[in-house]
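Below are the chains, spelled out letter by letter.
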Amino acid sequence: MRILLTLVACLLSLPSVAHWQLDNENSQLNFVSIKKEAIAEVHTFKALSGQINEQGKVTFAVDLASVETNIAIRNERMTQYLFETDKFAQATFSTEVDKKTLATLKLGESKKVALTGEINLHGVSQSVSTEVLVTKLSDGKVLVNSLQPVIINASTFGLTAGIEKLKSLASLTNISFAVPVTFQLSFIAQ
């Protein structure tokens with residue numbers, strides 16, 4: 001999510017472009033679940049959206065019902081019991097960036113950017129900070145990559161009951177409450 005913010009900063013710094021839109025097809029947000037204390041699995045979401053507006057406001061949303069774990073029943077269980085998508089359809093991240101932060105970024109150049117923003121997940125908001133790498137791919141495209149995973153703690157966002165339900169349904173002794181999240185976000189000038 002911090003990558004998204006860095007990408008937004010780069011896009012807003014370009015004088016000929018005032019608005020940037022997330023390119024879902026070329027973007028990715030992954031998370032890793034760990035079960036039985038030693039089995040790690042990478043999951044993703046298929047539907048992401050986001051933008052950077054003319055004032056530097058960055059918004060990013062994840063359609064939680066688009067979770068992809070490569071096991072259909074697990075996808076269903078996660079949407080129903082963990083994310084409770086009937087009540088909480090999206091996770092969001094928002095921040096503001098200084099439009100001048102990356103004004104000097106040249107074509108093909110990358111820059112580390114520290115970001116602080118607000119995650120809203122399962123009805124709970126939390127401030128987070130991270131570092132992203134923003135790369136200017138062309139005059140109309142930037143790429144934002146997480147430099148380190150963002151750790152989402154289930155207890156912070158009221159997700160522990162959902163994890164306990166998943167453990168019970170799958171007859172597992174353990175599912176980690178701490179989940180690392182990484183991302184690669186592509187933005188296109190509009």
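Residues numbered from 1 in each chain as written. Predicted model: local features only at pLDDT ≥ 70, side-chain atom pairs only at ≥ 80, totals over all residues. Heavy atoms only, no water.

On to the environment of N153, then. Summarising the element assignment, N153 is placed in strand β11 (residues 150-153). We classify N153 as partly exposed; its relative accessible area is 33%. If we skip the residues at most four places from it in the chain, N153 touches F177 and A178. (Helix = DSSP H or I, 4+ residues; strand = E, 2+ residues; numbered from the N terminus. Buried < 20%, exposed > 50% of the residue type's maximum accessible area, 1.4 Å probe, protein only. Contact = heavy atoms within 4.5 Å.)

In contact at an axis separation of 9 Å, helix α2 (residues 72-82) and helix α3 (residues 160-170) are set at 140° when each is read in the N-to-C sense. Crossing handedness for the pair α2 and α3: right-handed. Together, R77, M78, Y81 and L82 of α2 and G162, I163, K165, L166, L169 and A170 of α3 make up the contact between the two elements. The residue inventory of the contact of α2 with α3, partitioned by class, reads 7 nonpolar, 1 polar and 2 charged. (Axes fitted to C-alpha atoms, helices over the stretch in contact; angles between N-to-C directions. Left-handed = near helix turned anticlockwise from the far one by under 90°. Nonpolar A, V, L, I, M, F, W, Y, C, P; charged D, E, K, R; others polar.)

What follows is about the packing of aromatic side chains. For any pair of aromatic rings, the description consists of the separation of the ring centres together with the inter-plane angle of the planes. Taken as a whole and judged by the stated rule, the model has 2 aromatic pairs. Pairing F45 with F83 gives two aromatic rings, centres 5.8 Å apart and planes at 55°, and the pair type is tilted. Here F83 lies in the loop between α2 and β7 (90-96) and F45 lies in strand β3 (residues 39-45), a separation of 38 residues in the sequence. Each of the two residues, F45 as well as F83, counts as buried. Through a chain of ring-to-ring contacts, three or more aromatic side chains come together here, namely F31, F45 and F83. Directly above the aromatic system of Y81 lies the positively charged group of K165, at a separation of 5.2 Å from the ring centroid. (Phe/Tyr/Trp six-rings, centres within 6.5 Å; stacked < 30°, edge-to-face > 60°. Lys NZ or Arg CZ within 6 Å of the ring centre and 35° of its normal.)

With respect to the helices and strands, H19 occurs in the loop between α1 (2-13) and β1 (20-22). Take H19: its relative accessible area is 17%, and that puts it in the buried class. Within the structure, H19 has its side chain in polar contact with the side chain of Q21 (distance 3.3 Å). Only 3.1 Å separates the side chain of H19 from the side chain of Q51, close enough to count as a polar contact. Among residues more than four places away in sequence, those in contact with H19 are Q51, I52, N53, E54, I188, A189 and Q190. (Polar contact = N/O pair within 3.5 Å; in protein donor to acceptor, adjacent residues only side chain to side chain.)

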